[in-house]
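This is what each chain is made of:
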Amino acid sequence: MFVERQVEIRFDASSREARTHTNLSAVRTDALGLWLAGDETATVEHLAFRGGRYDDQRTFFLADFVDLPAGREEEADIEGLGRADGWLWAIGSHSLKRRRIKRGHPPHKARRRLATVVREENRFILVRLPLVGATPVREDGSRRAEILSGPGRNLADLLAGDPHLGPFVSIPSKDNGLDVEGVAVLGGRLFVGLRGPVLRGWATVLEIRPESDPGRPGFLRLAGIDGGPYRTHFLDLGGLGVRDMCPYRDGLLILAGPTMSLDGPVRLLRWDPLDEPSVLHEPVPVGDLPYGDGCDHPEGITVLDGDRLLVVHDSPSAQRLTPQGGVLADIVRMPR
């Protein structure tokens, strides 16, 4: 696959200060432009397409629509966006994190940080917002903003007893622990991609059926599927995990990349999920995407039209940053 051209996504000063433009983790299109999220805030952003670039940014705080478990300011580590049928979906990583070691840390501090694992409750959320045009609202007639969260209700807690995934719920994300990256809506079915764990080379996609919780206004619950709250699909991605997903024709495109802290490889594959638990040995390969050395990590994909994808990156290189406060995304032509 090759990059046909690049397009600028221009952010406002507050988002640049929050480093959203250098921590992009999710993207979706609509008729006016792009929905974007970074993994360092608890917001979603909308930018309109005009003058050959994405601009006119509007920021929406999730706490203005739903009750976040840790409040307005703590990051939600949004790693996936979905849009369908007048709804916008946003999902947190549902992951624990191990403290980073920085070059300036003395050995005793580095060792202490490497032994410290942190749980941030805003990461353990799935949010559904009603859209009126390109604007999320708290209520629109019978539709209202809702969240799946809380002890015993969030996805991580529901997976704790799973025979495949349960042992990884208490492991930090970059240690091959539980790490959600990607959500996609396909014909009324909601798919959640896992960067980790990877099980003997096999990646996992969850299928869930969120619905309004009649006993808790403003909250979601999971309807039953296969006698439980979720369905698991296992895909052989050659040892890679899911980094994002998006609807494509009658199926899904999967952005696959390393589970651990590695740069690549990064691949696109196609999957047409059946309405039953899957063990898929050979997803259809689409092509490889370029990535950098310590930078330019493809993190989000969305279909612009039938033949082109837009790809956004985490840790963009200096060459991707524009003097006007923007960042360059890649437009990739799909092979025919």
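Residues numbered from 1 in each chain as written. Predicted model: local features only at pLDDT ≥ 70, side-chain atom pairs only at ≥ 80, totals over all residues. Heavy atoms only, no water.

Concerning the pairing of strand β20 (residues 231-236)
Now for step 1: For β20, a buried count of 5 out of 6 residues is recorded, marking the element as mostly surrounded by other parts of the structure.
Now for step 2: In this sheet, β20 lies alongside strand β17 (residues 202-208) in antiparallel orientation, the contact comprising 6 bridges. Its bridge partner being in β20, E207 is matched across the sheet by R231.
Now for step 3: Where β20 meets strand β24 (residues 279-280), 2 bridges bridge the pair, whose relative direction is parallel. Each bridged residue has a counterpart across the sheet, and for F234 the counterpart in β24 is V279. (Buried < 20%, exposed > 50% of the residue type's maximum accessible area, 1.4 Å probe, protein only. Helix = DSSP H or I, 4+ residues; strand = E, 2+ residues; numbered from the N terminus. Pairing = 2+ DSSP bridges.)

A few points about the sheet that holds strand β23 (residues 267-271)
Now for step 1: The strand order across the open sheet built from 4 strands is β21-β22-β23-β25, with neighbouring strands paired in antiparallel fashion. Taken across any chain shown, the strands that pair with only one partner, and hence form the sheet edges, are β21 (241-248) and β25 (284-288). Shown here is a sheet whose adjacent strand axes are inclined to one another by a mean of 25°, direction ignored.
Now for step 2: Note: β23 against β25, 4 bridges, orientation antiparallel. Its bridge partner lying in β25, L268 is registered against G287. (Axes fitted to C-alpha atoms, helices over the stretch in contact; angles between N-to-C directions.)

Notes on the pattern of salt bridges
Now for step 1: A complete count under the given rule lists 30 salt bridges for this structure.
Now for step 2: The shortest N-O distance in the salt bridge between D55 and R53 comes to 2.9 Å.
Now for step 3: Residue D55 is classed as buried on the basis of its relative accessible area, which comes to 11%.
Now for step 4: Among the ionic contacts, a cluster of salt bridges with common partners joins R189, E207, R209, D226, R231 and D275. (Salt bridge = Lys/Arg side-chain N within 4 Å of Asp/Glu carboxyl O.)

Nothing here speaks to function; it is all geometry.
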